[in-house]
Amino acid sequence: MGDLKRTIEKKEFDKILAEGTEEGLKELRDWLCQENERLQTEKMDLKRDWDKLSSERRQFELDMDQATRQLDVEQRIFKQDQAFFDKKMAILRDGFIQLSADQEKLEKEKLLFEAEKSAHSNFAVRENGTEVAKMLFQGVNSQLALKKRYKDLIKMYHPDNVAGDNGMVLVINEAYEELRHEFELEMRA
């Protein structure tokens, strides 16, 4: 068998066939058998590779389908979560707006209540002030006793004291002036 190349050019192939020598034909036949075996082996290797690639392709397609389905599910869940989040944010936003409005309303009501309380307190002090003042100055029968009681009461209710009360000081002053005026009229008469 000589050093016959695997690929024989067409000219050489034609030349061996034209010469028709037994040894050349034998070499050609051996080469053709080897080449046939090699081609069969390569064909089987290619078939195996093809089958392997086809199997991998099918598996890849299955994996892609599964991944696509999973992605679709996750996108739907994300959209639901996003919608739920948006609803919660809208509720919170509305709640904060309502809370702010309620807070403003409460502040207005508080101011109104404080004004009413002050007005009521002033009215109650003036209404009850006379009675309270009469009670505070009860038993005073002279100008000297009136003056002493007045000083004692002012010391107690002065706004600088812990128990100080401006309203009460006003009531005491008014009652003192009235009683002083009455005592002066009595002395003149």
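Bear in mind the structure is a predicted one, so any value in this text is a computation, not a measurement.

Within the chain, the secondary structure is distributed over four helices and zero strands. Going from N to C terminus, the chain has its helices and strands arranged as α-α-α-α. Counting over 189 residues, the chain shows a buried share of 13%. Within the chain, residue pairs in contact and separated by at least 24 positions form 48% of the contacts whose partners lie at least 6 positions apart. Looking at the chain as shown, the accessible area adds up to about 16600 Å², and 56% of this sits on carbon and sulfur atoms.

Another aspect to go through is the nonpolar core. The tendency in soluble globular proteins is for nonpolar side chains to be buried side by side. Counting 14 residues, the largest nonpolar core has L136, F137, V140, L146, L153, M168 and I172 as its most contacted members. Here this core takes seven residues from helix 4 (residues 166-188), the largest share from any one element.

Going through the model one piece at a time under the given rule, you end up with eight salt bridges. With a shortest N-O distance of 2.5 Å, E42 and R38 are connected by a salt bridge. Of this pair, E42 and R38 both sit in helix 2 (residues 22-136), four residues apart, which is roughly one turn of that helix. Exposure remark for E42: the relative accessible area of 37% places this residue in the partly exposed category. The exposure class of R38 is partly exposed, given its relative accessible area of 25%. For D152, the salt bridge is made with K148, and the minimal N-O distance between the two is 3.7 Å. Taken together, the residues D152 and K148, both in helix 3 (residues 143-157) and four residues apart, mark about one turn of the helix. A relative accessible area of 34% places D152 in the partly exposed class.

Next up on the list: the packing of aromatic side chains. For the structure on display, the rule yields one aromatic pair. Their ring planes at 25° and their centres at 4.0 Å tell us that Y150 and Y176 sit as a pair that is stacked. One end of the pair, Y150, is in helix 3; the other, Y176, is in helix 4, and 26 residues separate them in sequence.

Below, the discussion takes up a negative patch on the surface. A cluster of acidic residues, E174, E178, E182 and E186, forms a negative patch on the protein surface. For E182, the location among the structural elements is in helix 4. What makes E182 partly exposed here is its relative accessible area of 44%.

If you trace the backbone, E131 turns up in helix 2. With 44 residues separating them in the primary sequence, E131 and A175 have C-alpha atoms 9.6 Å apart.

Because each turn of an α-helix spans 3.6 residues, side chains separated by three or four positions end up pointing in the same direction. Its 23 residues give helix 4 an end-to-end C-alpha distance of 33 Å, which sits within 8% of 33 Å, the value for a rise of 1.5 Å per residue. Among the residues of helix 4, those classed as buried are G167, M168, V169, V171, I172, A175, Y176 and F183. Its side-chain oxygen placed 3.2 Å from the backbone nitrogen of G167, D165 serves as the N-cap of helix 4.

How each quantity is defined
Residues numbered from 1 in each chain as written. Predicted model: local features only at pLDDT ≥ 70, side-chain atom pairs only at ≥ 80, totals over all residues. Heavy atoms only, no water. Helix = DSSP H or I, 4+ residues; strand = E, 2+ residues; numbered from the N terminus. Buried < 20%, exposed > 50% of the residue type's maximum accessible area, 1.4 Å probe, protein only. Contact = heavy atoms within 4.5 Å. Areas by Shrake-Rupley, 256 points an atom, 1.4 Å probe, with all protein chains shown as cover. Core = buried A, V, L, I, M, F, W, Y, C linked by side-chain atoms within 4.5 Å. Salt bridge = Lys/Arg side-chain N within 4 Å of Asp/Glu carboxyl O. Phe/Tyr/Trp six-rings, centres within 6.5 Å; stacked < 30°, edge-to-face > 60°. Patch = residues over 30% accessible without salt bridge, like charges linked within 9 Å, V, L, I, M, F, W, Y side chains within 5 Å. Lys, Arg positive; Asp, Glu negative; His and termini not counted. Charge placed at Lys NZ, Arg CZ, Asp CG, Glu CD. Expected span 1.5 Å × (residues − 1). Polar contact = N/O pair within 3.5 Å; in protein donor to acceptor, adjacent residues only side chain to side chain.

Just geometry here; none of it tells us what the structure is for.
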